Amino acid sequence: MYREEDLQQTGKQLKKVILVMSAVLVAFLAISIALASLVNNTLGLIVLLSGICLDIFIWGVYGSQILAYYRFLRDMFTGRQRVESGVVKRVGNQPVYKDNKLYYYEVLIENDGVERILLVDANKPMPDIQVGQRYEFKVFQNFVIDISSEAAV
């Protein structure tokens, strides 16, 4: 499900957002300095504050989500992975907002009487998981990295 290109692409997106934020800040700073020296100091301050608010908005809407996903992917590639197997009891049809500020589909599995919720990344296409079938999940913490079918129950 995950490739090294996913991490590189997300890193490029993060750099792009930081570059846009820097450009917005520099542009508003230059305009505010010009307005403060030519027109009015208060007007320059208002323009600078508007630029800072725009940067905060860009970071809150775009940057923080990209950073969270980048960290998630980095942890997936560098963290300890293990294999969980079990019979799928329920598959969520709507993504839920979980753990590190990202959206996931919940998959409830049962193995030897123990139920466990695994999370499938909503940014990836949802794999075809059938309720009542046994699967083998390669996971990092409770995040699904890869799925393979074992045998029908």
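Check the entry above for the structure.
What you see is a predicted model, and the numbers here were worked out from it, not measured in a lab. (Residues numbered from 1 in each chain as written. Predicted model: local features only at pLDDT ≥ 70, side-chain atom pairs only at ≥ 80, totals over all residues. Heavy atoms only, no water.)

J.: What is the right way to look at the environment of Phe 143 in this model?
T.: Along the chain, Phe 143 falls in strand β6 (residues 143-152). Here the alpha-carbon distance between Phe 143 and Asp 121, two residues 22 residues apart in the chain, equals 7.6 Å. (Helix = DSSP H or I, 4+ residues; strand = E, 2+ residues; numbered from the N terminus.)

J.: Looking at this model, I keep getting lost on a nonpolar patch on the surface. Mind explaining?
T.: On the surface, Leu 25, Leu 45, Leu 49, Ile 52 and Ile 56 cluster together to form a nonpolar patch covering roughly 440 Å² of accessible area. Overall, the relative accessible area of 44% leaves Leu 49 in the partly exposed class. (Patch = residues over 30% accessible without salt bridge, like charges linked within 9 Å, V, L, I, M, F, W, Y side chains within 5 Å. Areas by Shrake-Rupley, 256 points an atom, 1.4 Å probe, with all protein chains shown as cover. Salt bridge = Lys/Arg side-chain N within 4 Å of Asp/Glu carboxyl O. Buried < 20%, exposed > 50% of the residue type's maximum accessible area, 1.4 Å probe, protein only.)

J.: Is there a simple way to explain the pattern of salt bridges in this structure?
T.: Between side chains of opposite charge, a pair can form when the charged atoms approach closely. Following the criterion strictly, the structure yields 7 salt bridges and no others. Glu 5 is the partner of Arg 3 in a salt bridge, and the nearest nitrogen-oxygen pair spans 3.1 Å. Of the residues examined, Glu 5 reaches a relative accessible area of 43% and is grouped as partly exposed. The partner of Lys 89 in a salt bridge is Glu 110, and the shortest N-O contact between them spans 3.7 Å. Taken as a pair, Lys 89 in strand β1 (residues 82-91) and Glu 110 in strand β3 (residues 102-111) lie far apart in primary sequence, 21 residues in all. Within the structure, one salt-bridge network assembled from shared partners comprises Arg 3, Glu 5, Asp 6 and Lys 124.

J.: How do you make sense of the packing of helix α1 (residues 4-38) against helix α2 (residues 41-78) when you look at a structure like this?
T.: The angle between the axes and the distance between the axes are what describe a pair of packed helices. Put simply, α1 and α2 touch, their axes get as near as 9 Å, and they point 170° apart. The pairing of α1 with α2 is recorded here as roughly antiparallel in orientation. The residue makeup of the contact of α1 with α2, split by class, is 26 nonpolar, 9 polar and 4 charged. (Axes fitted to C-alpha atoms, helices over the stretch in contact; angles between N-to-C directions. Parallel < 35°, antiparallel > 145°, perpendicular 65-115°, else oblique. Nonpolar A, V, L, I, M, F, W, Y, C, P; charged D, E, K, R; others polar.)

J.: I keep staring at the nonpolar core and nothing clicks. Help me out?
T.: Inside soluble globular proteins, nonpolar side chains tend to come together where they are buried. One finds Tyr 2, Phe 72, Met 76 and Phe 143 to be the most contacted residues of the largest nonpolar core, which totals 13 residues. Sorting the residues of this core by element identifies α2, β3 and β6 as the ones contributing at least two each. The residues contacting Met 76, other than those within four sequence positions of it, are Tyr 2, Gln 81, Phe 140, Phe 143, Val 144 and Ile 145. Among the nonpolar cores identified, the runner-up in size contains 12 residues, and Val 107, Ile 109, Leu 118 and Tyr 135 belong to it. (Core = buried A, V, L, I, M, F, W, Y, C linked by side-chain atoms within 4.5 Å. Contact = heavy atoms within 4.5 Å.)

J.: Would you mind showing me how to read unusual backbone geometry here?
T.: One can expect most non-glycine residues to show negative phi and most peptide bonds to be in trans. Within the chain, Asp 112 stands out as a residue other than glycine whose phi angle is a positive 55°. Within the fold, Asp 112 resides in the loop between β3 and β4 (114-121). A relative accessible area of 75% means that Asp 112 is categorised as exposed. Residues other than glycine seldom take positive phi values, yet Gln 141 does so here, at roughly 55°. Among the secondary structure elements, Gln 141 is positioned in the loop between β5 (133-140) and β6. Here Gln 141 falls in the partly exposed class, since its relative accessible area comes to 46%.

Fair warning: the whole summary comes from geometry, so function is off the table for now.
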